[in-house]
Amino acid sequence: MTRMFRDKIGRTIEVYIDDMVVKSKQVAQHMEDLQEVFGVLQWHKLCLNAEKCAFGVGAGKFLRYLITNRGIEVNPDQIEAKWTGFRWSEECDKAFVDLKDYLARAPMLTAPEPGENLFMYLAISEHAVSAMLLRDKGIQQPVYYISKTLVDAETRYLPLEKLVLALIHATRKLPHYFQAHTVQGSFEARDSRMKAYLEQVKQAITNFSMLMVFQVAQTQNRHADSLATLASSVAEEIPRLIKVELVSKPSVKVSNGSGTAEIDVTAVITFGPCWMDLIIYFLAEDRLPGDENEGSKIRKMAPRYWLSEDQTLYRRSFGGPYLLCLHPQKVGELLAELHDGVCGSHVGGRSLHTGQ
């Protein structure tokens, strides 16, 4: 239904699975709107149940909400409460009446104008995430609200990951709003220290004519994190000094016999590219190859591997230890060690060959 009426949703029709309501701001326009809807249904060869249809209604219930010419309101039947219990104080009775009045006057959902800027608020809790779309006309008015209950591994997400999940859920459930409107967001610092830092940043921004913000991957920000952690964790009684050591002798051996300086060096073998490089790039820098098929392949393979801090790649095993991934050029060296090295007296060539 969403695909059938994608150009009319939010404008003249609202659809939820197999329930829909055709709305018009003017009575004279309603017949034309109905003809367009019937034309779409006829094109897709769909029929309506006449017993469940109502036409020319000024107000009605739809998906447990009350739809009127003022907007979408909460159905009073859903919030009606009756008190049949024991007698309580007048203060409690007044608080209960005030609560019912507040629920009866809940904010109405409004329809945004085409191309109007919308604002989105994301909220997370231990067991659910939610998103709210609003329009700002001096007073913020709700447009749409969605929520999702967290299941299984989602309950163990970090707070930032839950916010991303809420945003993804909103884009999937409300694609027509994101395509027809500019959705803006805001952030809020709750921690007292973060609030203080945020105020300093806001003051510094006023000194610049232009500000550009870039996201830095966590793997590329370790040095800054280490320095920040060190600066905030050092005790006050320990002097924060950088010790400088003077080395009187060079750290390399220099031979002056032939008049040419010589140093002892060790050959370092540089390996060429291999299949592990693309997985390491994706896990460390979230970078995929340009080829779409190859990128999709790497994205599917990556969860089977784990990258350590020293950029060493491991293969996840089923219930066992992580398996070290080797460069193809190091396989021969490893097999030689298994045959002739420390394992030579324990593993025979035939048994090793058979085991492979």
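Residues numbered from 1 in each chain as written. Predicted model: local features only at pLDDT ≥ 70, side-chain atom pairs only at ≥ 80, totals over all residues. Heavy atoms only, no water.

Chemist: Describe in detail the pairing of strand S1 (residues 13–16), supporting the description with residues and values.
Modeler: Across 4 bridges, S1 lies against strand S2 (residues 19–22) in antiparallel orientation. Among the inter-strand pairings, Ile-13 is bridged to a residue of S2, identified as Val-22. (Pairing = 2+ DSSP bridges. Helix = DSSP H or I, 4+ residues; strand = E, 2+ residues; numbered from the N terminus.)

Chemist: So what's going on with the sheet that holds strand S12 (residues 323–324)? Which residues, and what values?
Modeler: On the basis of which strands lie adjacent, the open sheet formed by 3 strands has the order S10-S11-S12 and antiparallel pairing. Strands with a single pairing partner mark the edges of an open sheet, and in this sheet they are strand S10 (305–307) and S12. Pairing between S10 and strand S11 (residues 313–315): 3 bridges, direction antiparallel. Note on S11: the bridge partner recorded for Trp-306 is Tyr-314.

Chemist: Quick one: what's the story with the side chain of Glu-154, residue by residue and with numbers?
Modeler: Mapped onto the fold, Glu-154 is located in the loop between strand S8 (140–149) and helix H4 (159–173). According to the relative accessible area criterion, Glu-154 is buried, its value standing at 15%. When neighbours within four sequence positions are excluded, Glu-154 is seen to be in contact with Lys-148, Thr-149, Lys-162 and Leu-165. (Buried < 20%, exposed > 50% of the residue type's maximum accessible area, 1.4 Å probe, protein only. Contact = heavy atoms within 4.5 Å.)

Chemist: Pulling in residues and values, what's your account of helix H8 (residues 276–285)?
Modeler: Regarding H8, the residues found buried are Met-276, Ile-279, Ile-280, Phe-282 and Ala-284. Turning to H8, the residues buried within the fold contact helix H9 (292–301), S10 and S11. At the exit of H8 stands Asp-286, carrying a positive phi of roughly 55 degrees.

Chemist: Could you give me a rundown of the packing of aromatic side chains, with the residues and numbers involved?
Modeler: Tallied over the entire structure, the rule returns 4 aromatic pairs. Judged by centre distance (5.7 Å) and plane angle (40 degrees), the rings of Trp-306 and Tyr-314 are tilted. You can call Tyr-314 partly exposed: its relative accessible area is 23%. Three or more aromatic residues link up through ring pairs in this structure, and these residues are Trp-306, Tyr-314 and Tyr-322. Taking NZ or CZ as reference, Arg-287 lies 4.4 Å from the ring centre of Tyr-281, over its face. (Phe/Tyr/Trp six-rings, centres within 6.5 Å; stacked < 30°, edge-to-face > 60°. Lys NZ or Arg CZ within 6 Å of the ring centre and 35° of its normal.)

Chemist: Describe the pattern of salt bridges, with residues and values.
Modeler: Inspection of the entire model under this criterion finds 6 salt bridges. The closest approach of N and O atoms between Lys-94 and Asp-98, which form a salt bridge, is 3.1 Å. Taken as a pair, Lys-94 and Asp-98 lie in helix H3 (residues 90–104) at a separation of 4 residues, close to a single helical turn. Measuring nitrogen to oxygen at the nearest pair gives 3.7 Å for the salt bridge that ties Arg-287 to Glu-285. Taking the relative accessible area as the measure of exposure, Arg-287 reaches 41% and is therefore partly exposed. A relative accessible area of 36% places Glu-285 in the partly exposed class. One connected set of salt bridges, linked through shared partners, spans Glu-116, Arg-135 and Lys-137. (Salt bridge = Lys/Arg side-chain N within 4 Å of Asp/Glu carboxyl O.)

Chemist: Give me the lowdown on a nonpolar patch on the surface, citing residues and values where you can.
Modeler: Together, Val-201, Ile-205, Leu-211 and Val-213 make up a nonpolar patch on the protein surface, roughly 380 Å² of accessible area in all. Within the secondary structure, Val-213 is located in the loop between helix H6 (192–205) and helix H7 (222–233). (Patch = residues over 30% accessible without salt bridge, like charges linked within 9 Å, V, L, I, M, F, W, Y side chains within 5 Å. Areas by Shrake-Rupley, 256 points an atom, 1.4 Å probe, with all protein chains shown as cover.)

Chemist: So what about the nonpolar core? Which residues, and what values?
Modeler: The nonpolar side chains of soluble globular proteins are, as a tendency, buried together. Counting 13 residues, the largest nonpolar core has Met-276, Ile-279, Ile-280, Tyr-305, Leu-307, Leu-313 and Cys-325 as the members making the most contacts within it. Among the secondary structure elements, those contributing two or more residues to this core are H8, H9 and S10. At 5 residues, the largest contribution of residues to this core is made by H8. If near-sequence neighbours (up to four positions away) are discounted, Leu-307 is found in contact with Ile-280, Leu-283, Ala-284, Thr-312 and Leu-313. Within the second largest apolar cluster, 10 residues are counted, among which are Ile-9, Val-22, Val-40 and Leu-41. (Core = buried A, V, L, I, M, F, W, Y, C linked by side-chain atoms within 4.5 Å.)

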